[in-house]
Structure formats: structure tokens, C-alpha cells
Amino acid sequence: MRKKLYLIPDGLKSQYIQQVGEQVQARFEMLHESELSITTFSFYTSVSAVYSSKIEGENMEMDSYIKHKRLGAHFLPDYTRKIDDLYDAYIYAQGHKLNEANLLHV
């Protein structure tokens with residue numbers, strides 16, 4: 001089913017800016033990933049790793065993984081290994097160009 005694209009009239013821009021202010025873009029650019037107290041722990045990367053692993057059939061819950069990564073909670077190695085590996089791969093990918101060598105490294 002095709003839908004028609006409707007553009008918002010230019011006349012609404014000034015009303016929008018009055019309501020949200022002109023600093024929206026600057027404030028958006030100031031956003032950064034939420035870091036918990038441990039510098040090597042990235043919350044959003046952990047969320048990605050946990051939920052990606054759930055697609056593959058892993059059953060660890062986000063709460064348990066946060067306790068594992070942030071608080072050092074101990075689980076059986078097989079319970080966390082796949083998610084830890086995926087987390088490490090995501091961290092590596094964030095700092096390296098996507099190319100064949102880096103993909104093979106991960």
C-alpha cells in the first residue's frame with residue numbers, strides 16, 4: 001500500500017522553535033552514552049549484546065548481565081561467555097573501521 005508524503009508547512013517552524021527553543025540541536029549533540037561507574041562498562045553496548053544474544057537463544061536477563069559486568073557477580077562461564085564475546089566485538093567495532101581484516105579479527 002502506498003502512502004502519500006505530507007510536508008509540514010514552513011509556517012509551523014517558528015511555533016516549534018518557540019516551544020522547544022533554538023538549543024535543541026546543541027543539546028542533542030551534547031548527549032553521550034550513559035556510562036556507569038566502571039570506565040570499561042558501556043550500558044547501551046551491554047543492552048545490544050544481551051538482546052542480540054537472545055535472538056540466538058541465550059537466556060541471560062539484562063539485570064543479571066549488568067550485575068555481572070558492573071558488580072562482578074559470578075555466573076558459570078558458559079552462561080556469560082557468548083554475551084561477553086559479543087560485547088567485546090561491539091566495543092572493538094566502535095573503535096575500528098569496517099573492513100575485512102577487522103571483521104576477521106572480531
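Look a little higher up for the structure.
The notes below deal with the structure included here.

In this section: helix 5 (residues 77-95). In this model helix 5 runs 26 Å from its N-terminal to its C-terminal C-alpha over 19 residues, within 8% of the 27 Å that 1.5 Å per residue would give. The set of residues buried in helix 5 consists of Thr80, Ile83, Asp84, Tyr87, Ala89 and Tyr92. On its buried side, helix 5 packs onto helix 3 (43-55), helix 4 (62-71) and helix 6 (100-105).

With the rule as written, the count across this model stands at 2 aromatic pairs. On the basis of an interplanar angle of 75° and a centroid distance of 5.3 Å, the ring pair of phenylalanine 43 and tyrosine 44 is categorised as edge-to-face. Of the residues examined, phenylalanine 43 reaches a relative accessible area of 25% and is grouped as partly exposed. On the numbers, 5.5 Å between centres and 50° between planes, the contact of phenylalanine 75 with tyrosine 79 is tilted. Residue classification places phenylalanine 75 among the partly exposed residues on the basis of a relative accessible area of 31%.

To characterise two packed helices, one gives the angle between the axes of the helices and the distance between these axes. At a closest axis distance of 10 Å, the pairing of helix 3 and helix 4 adopts a crossing angle of 130°. As judged from the angle between their axes, helix 3 and helix 4 are oblique. You can see that helix 3 and helix 4 cross each other, and the crossing is right-handed. Here Phe43, Ser46, Val47, Val50 and Tyr51 of helix 3 lie close against helix 4, whose contacting residues are Met62, Tyr65 and Ile66. Looking at the contact of helix 3 with helix 4 residue by residue, the classes come out as 7 nonpolar, 1 polar and no charged.

Thresholds, definitions, all that
- Think of each chain on its own: its residues are numbered from 1, step by step along the sequence as written.
- Owing to the predicted nature of the model, reporting of local features is limited to residues with pLDDT of at least 70; listing and counting of side-chain atom pairs is limited to 80 or more, with chain, interface and lining totals taken over all residues.
- Processing note: side-chain calculations cover all non-hydrogen atoms of the structure and skip hydrogens and water entirely.
- Segments assigned H or I by DSSP are reported as helices when at least four residues long, segments assigned E as strands when at least two residues long, and all are numbered from the N terminus.
- One less than the residue count of a helix, multiplied by 1.5 Å, gives the span that helix is expected to have.
- Any residue under 20% of the maximum accessible area for its type is buried, any over 50% is exposed, and the rest in between are partly exposed; the area is computed with a 1.4 Å probe on protein chains only.
- We call two residues in contact whenever any of their non-hydrogen atoms come within 4.5 Å of each other.
- Any two rings among Phe, Tyr and Trp, with Trp reduced to its six-membered ring, count as a pair given centres within 6.5 Å; such a pair is stacked if its planes are under 30 degrees apart, edge-to-face if over 60, and tilted if neither.
- To get an axis, fit a line to the C-alpha atoms, keeping to the stretch in contact for a helix; angles then go from 0 to 180 degrees between the N-to-C directions.
- Just so you know how the angles are binned, under 35 degrees is roughly parallel, over 145 roughly antiparallel, 65 to 115 roughly perpendicular, and the rest oblique.
- Note: crossing handedness is left-handed where the near helix turns anticlockwise from the far helix by less than a right angle, and right-handed where it turns clockwise.
- When residues are grouped by polarity, Ala, Val, Leu, Ile, Met, Phe, Trp, Tyr, Cys and Pro land in nonpolar, Asp, Glu, Lys and Arg in charged, and all others, Gly among them, in polar.

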